[in-house]
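Remarks on the overall topology
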There are 2 protein chains.
Amino acid sequence: MPRASAADAAQTAQRILDSAKELLSARGFSEVSVDDVARDAGVTRGAVYHHYRNKVALFGEVAARLQADVARAVVAAAENADPQPHEQLKAGSHAFLDAITNGAAMRILLIDSPAVIGWQEWRRLDAENSATHLREALREAGVAEDILDASTAQLSGAMNEAALWTAQQNDIDLARRQSHRALDRLLTAYVS
Amino acid sequence: MPRASAADAAQTAQRILDSAKELLSARGFSEVSVDDVARDAGVTRGAVYHHYRNKVALFGEVAARLQADVARAVVAAAENADPQPHEQLKAGSHAFLDAITNGAAMRILLIDSPAVIGWQEWRRLDAENSATHLREALREAGVAEDILDASTAQLSGAMNEAALWTAQQNDIDLARRQSHRALDRLLTAYVS
DNA sequence: CCAGCATACATACACACTGTACGTAAAGGA
DNA sequence: TCCTTTACGTACAGTGTGTATGTATGCTGG
């Protein structure tokens, strides 16, 4: 049995993660077995269980990476935008929608995550990434302090559902434009 | 083995449904086995599989009933409210939040449903119940025709997340009030 | 330079759960 | 009264998870 150096081990873990991301996003958590992931990565289940505690932990790791990817895109867009709070909200929400609707993120983050890792954990992940920025943008847009968390949650939910809706439409480009316009209308609520 | 008449059979199916609703809402789909449901209902798995095609179908039936319950509450509230479109939206969204955050509906409808029965099917259920009313209210509030579907999805997502956020807070009554106020602010986007 | 230990897997196994096939007894019509 | 259908119960096969165990390799201290 050829063995792997520490560097190769990290590479194995990464290959498992990549396979998991692809399969999970295509078929969903319940339709992907650990063996499927292992085979796709060219290892056995033993390797997967060596690198990840269990199937849920593997899923959680994939979700965390994706969440970070999306957050990076959103932050980048906000930094390049007009610093006016309302413009920040618009730029950020558009970027979020675009980032999450192409690639593997959507199904994993928006469909499976709440059920698999639990809503609390999912929210915690979100809070570590995008949610903080959204909250800050809302604060600067003049949302009262005591409804800041509630408003953040609601706007986040609106954007998540916008993404799901968009991805489901036949003409995705058209749907994207419609979602953007609908978001803009929704965000007029936060024009101070 | 004592057998059951047709009337008793319907009652058995109902008992199974009741047990399923309770267990699923408390523990979630993946943590409840068909055998758990059967035992709670005082029958064997055979009875469950006689009345419902499989575990997902049983879940779907529970979800459909809950969805209808929530929709009824929302419609009732809207009918008793000021017929002004904006007031309809406010009354409806408040009623939705209150209805879904107490009882068994929340976890089943908002956490597990998308993953278990699929987002499309979940949306279809929603469309048969609450979504149509929401869409109509938005139209009457002056939302342009081509972004009506997108706006409906977004507002629905906002309300769903509001419910999840509310239920998660320590002081639920306080959270409910904050969610109501945050929703009111959000709905100012649809003041014509 | 080699003995011993930790690492990185592979293999084998126990357990749980799902769905299905089959058995059976009562209900209800012909 | 017979015969079919309904309403279950029971037994079984298959799949998937997690864990225990085996094993070979890299690495480190003496």
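Residues numbered from 1 in each chain as written. Chains lettered and ligands numbered in written order. Predicted model: local features only at pLDDT ≥ 70, side-chain atom pairs only at ≥ 80, totals over all residues. Heavy atoms only, no water.

Side note on the nonpolar core
One finds Leu 89 and Tyr 190 of chain A together with Ile 16, Leu 89 and Tyr 190 of chain B to be the most contacted residues of the largest nonpolar core, which totals 123 residues. The contacts of Leu 89 of chain B, once residues within four sequence positions are left out, are Leu 134, Ala 137, Leu 138, Ala 141, Leu 155, Leu 187 and Tyr 190 of chain B. (Core = buried A, V, L, I, M, F, W, Y, C linked by side-chain atoms within 4.5 Å. Buried < 20%, exposed > 50% of the residue type's maximum accessible area, 1.4 Å probe, protein only. Contact = heavy atoms within 4.5 Å.)

Description of the interface of chain A and chain B
Opposite the 37 residues of chain A that make contact, chain B presents 37 residues. Both sides together, the interface formed by chain A and chain B hides about 3,300 Å², and carbon and sulfur atoms give 60% of it. It is Trp 119, Gln 154 and Arg 185 of chain A in chain A that bury the most area against chain B; as a group they hold 23% of the surface buried on that side. At the boundary of chain A and chain B, one finds 4 salt bridges. Put simply, Glu 161 of chain B and Arg 123 of chain A hold a salt bridge, and the shortest N to O gap is 3.0 Å. Where chain A meets chain B, there are 16 residue pairs in polar contact (both at pLDDT 80 or more). (Buried area = accessible area lost by both parts, 1.4 Å probe. Salt bridge = Lys/Arg side-chain N within 4 Å of Asp/Glu carboxyl O. Polar contact = N/O pair within 3.5 Å; in protein donor to acceptor, adjacent residues only side chain to side chain.)

Some thoughts on the domain arrangement of chain A
All names here are of chain A. Examined at the domain level, chain A breaks down into domain 1 (1–52) and domain 2 (59–190). Distance between the C-alpha centres of domain 1 and domain 2: 29 Å. Contacts between the two partners involve 11 residues from domain 1 and, on the opposite side, 10 residues from domain 2. For the pairing of domain 1 and domain 2, the buried interface totals around 890 Å² over both sides, and the portion due to carbon and sulfur atoms is 74%. For the domain 1 face of the interface with domain 2, the top three residues by lost area are Leu 17, Lys 21 and Phe 29, together amounting to 50%. (Domains from an automatic or database assignment.)

Describing the pattern of salt bridges
Overall, the coordinates contain 30 salt bridges over all chains when judged by the stated rule. Arg 139 of chain B is the partner of Glu 145 of chain B in a salt bridge, and the nearest nitrogen-oxygen pair spans 2.4 Å. Through salt bridges with shared partners, one network takes in Arg 135, Glu 136, Arg 139, Glu 145 and Asp 149 of chain A.

A word on the relation of the copies chain A and chain B
Of the transformation placing chain A onto chain B, the axial shift is 0.0 Å and the rotation is 180°, giving an RMSD of 0.0 Å. Taken together, these values place the two copies in the relation of a two-fold axis. The fraction of interface residues of chain A whose copies in chain B are also interface residues reaches 100%, indicating that both copies meet through the same surface. (Least-squares fit on C-alpha atoms with pLDDT ≥ 70 in both.)

Focus on helix 4 (residues 55–79) of chain A
Residue and element names in this part refer to chain A. Compared with the 36 Å implied by 1.5 Å per residue over 25 residues, the 36 Å span of helix 4 between its first and last C-alpha is a close match. Within helix 4, burial applies to Ala 57, Leu 58, Phe 59, Gly 60, Val 62, Ala 63, Leu 66, Gln 67, Val 70, Ala 71, Val 74 and Ala 78. A distance of 3.2 Å separates the backbone nitrogen of Val 56 from a side-chain oxygen at the start of helix 4, and that oxygen is part of Asn 54. (Helix = DSSP H or I, 4+ residues; strand = E, 2+ residues; numbered from the N terminus. Expected span 1.5 Å × (residues − 1).)

So, the UniProt feature "DNA-binding region" (unreviewed entry) in chain A
Mapped onto the present numbering, the UniProt feature "DNA-binding region" (unreviewed entry) falls at residues 33–52 of chain A. End-to-end, the C-alpha atoms of residues 33–52 of chain A are 14 Å apart, and along that stretch the chain is 75% helix and 0% strand. (UniProt positions renumbered as here; feature names shortened; annotations may be inferred.)

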